Amino acid sequence: MVFWIFGYGSLVWNPGFDYDEKLIGYIKDYRRVFDLACIDHRGTPEHPARTCTLDESKGAICWGAAYCVRGGPEKEKKAMEYLERRECEYDSKTLVDFFTEEDSLRPALTGVIVFTSTPDKVNNKYYLGPAPLEDMARQIATASGPCGDNREYIFKMEKALYDIGHEDDYIIELANEVRKVLGIVGSFPKEKKLLGPSQIPLNSHISPVKIRPLPEAIAAVAADS
């Protein structure tokens with residue numbers, strides 16, 4: 001059995017568990033939003049942080065990193081137990097397909113479990129819902145918890161997406177608003193990068209690597225905390 005876990009938040013830069021393979025890709029019809037409360041990692045019950053969850057949005061795509069865990073039941077169980085603890089603020093799971101740059105029509109993985117949060121403030125105590133950009137930025141700029149500051153989370157999120165070559169305009173806008181609250185001049189300092197597979201000219205002699213579907217894989221998409 002093959003076990004896949006997809007991260008669209010802090011798992012992109014900090015998976016935190018032993019894995020065997022990593023793929024960059026995306027899921028369809030979801031977008032990344034900062035609508036979930038975090039009270040034990042980047043915030044506290046008195047001053048919750050804002051972290052990523054997914055919002056259903058027809059036509060949208062959400063990029064991230066998929067990690068493969070193989071090596072038997074014990075290794076898979078250990079990875080899932082870790083994720084369940086880390087993703088304890090996410091109360092909903094949905095099966096979706098995972099795609100890569102190589103093929104936008106045929107999924108590389110099917111039956112992927114996405115950890116999300118029910119958008120209901122009454123039944124989901126961790127769901128904050130959307131808010132004006134300025135309000136979210138002030139909350140992120142000032143929240144802090146055992147794992148660090150909330151602002152560090154969004155800045156690392158911004159850099160991680162830049163590093164995989166798929167920046168998120170929403171994250172960039174929110175991160176810049178947080179900088180404004182903190183009095184930081186400028187935006188994320190981008191460095192020159194080597195060409196990645198998606199940037200190689202069409203007339204290049206280099207053939208892209210094809211990733212075949214894994215029909216028997218059991219994949220799990222994890223958010224972050």
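Residues numbered from 1 in each chain as written. Predicted model: local features only at pLDDT ≥ 70, side-chain atom pairs only at ≥ 80, totals over all residues. Heavy atoms only, no water.

- In the nomenclature of an unreviewed UniProt entry, the protein chain corresponds to glutathione-specific gamma-glutamylcyclotransferase from the organism Nicotiana attenuata.
- Its UniProt record gives the protein chain the following Cofactor (unreviewed entry) comment, quoted word for word: "Mn(2+)".
- You can read under Subcellular location (unreviewed entry) in the UniProt record for the protein chain the words "Cytoplasm". (UniProt positions renumbered as here; feature names shortened; annotations may be inferred.)

## Structural notes on the pattern of salt bridges
- One pass over the structure, following the stated rule, counts 15 salt bridges.
- For the salt bridge of Asp-18 with Lys-75, the shortest nitrogen-to-oxygen distance reads 3.5 Å. Taken as a pair, Asp-18 in the loop between β1 (3-7) and β2 (21-38) and Lys-75 in helix α1 (residues 73-86) lie far apart in primary sequence, 57 residues in all. (Salt bridge = Lys/Arg side-chain N within 4 Å of Asp/Glu carboxyl O. Helix = DSSP H or I, 4+ residues; strand = E, 2+ residues; numbered from the N terminus.)

## Examining α1
- With 14 residues, α1 extends 20 Å from end C-alpha to end C-alpha; this agrees with the ideal 20 Å at 1.5 Å per step.
- Considered for burial, the residues of α1 that qualify are Glu-76, Ala-79, Met-80, Leu-83 and Arg-86. Looking straight down α1, one finds that the buried residues subtend no more than 125° of arc, so they occupy a single side. More than 90 degrees from the buried face of α1, the exposed residues found are Pro-73, Glu-74, Lys-78 and Arg-85. (Expected span 1.5 Å × (residues − 1). Buried < 20%, exposed > 50% of the residue type's maximum accessible area, 1.4 Å probe, protein only. Arc of directions from axis to C-beta.)

## Looking at unusual backbone geometry
- With a phi angle near 65°, Asp-29 is a residue other than glycine that sits in the positive phi range.
- Examined against the element boundaries, Asp-29 turns out to sit in strand β2.

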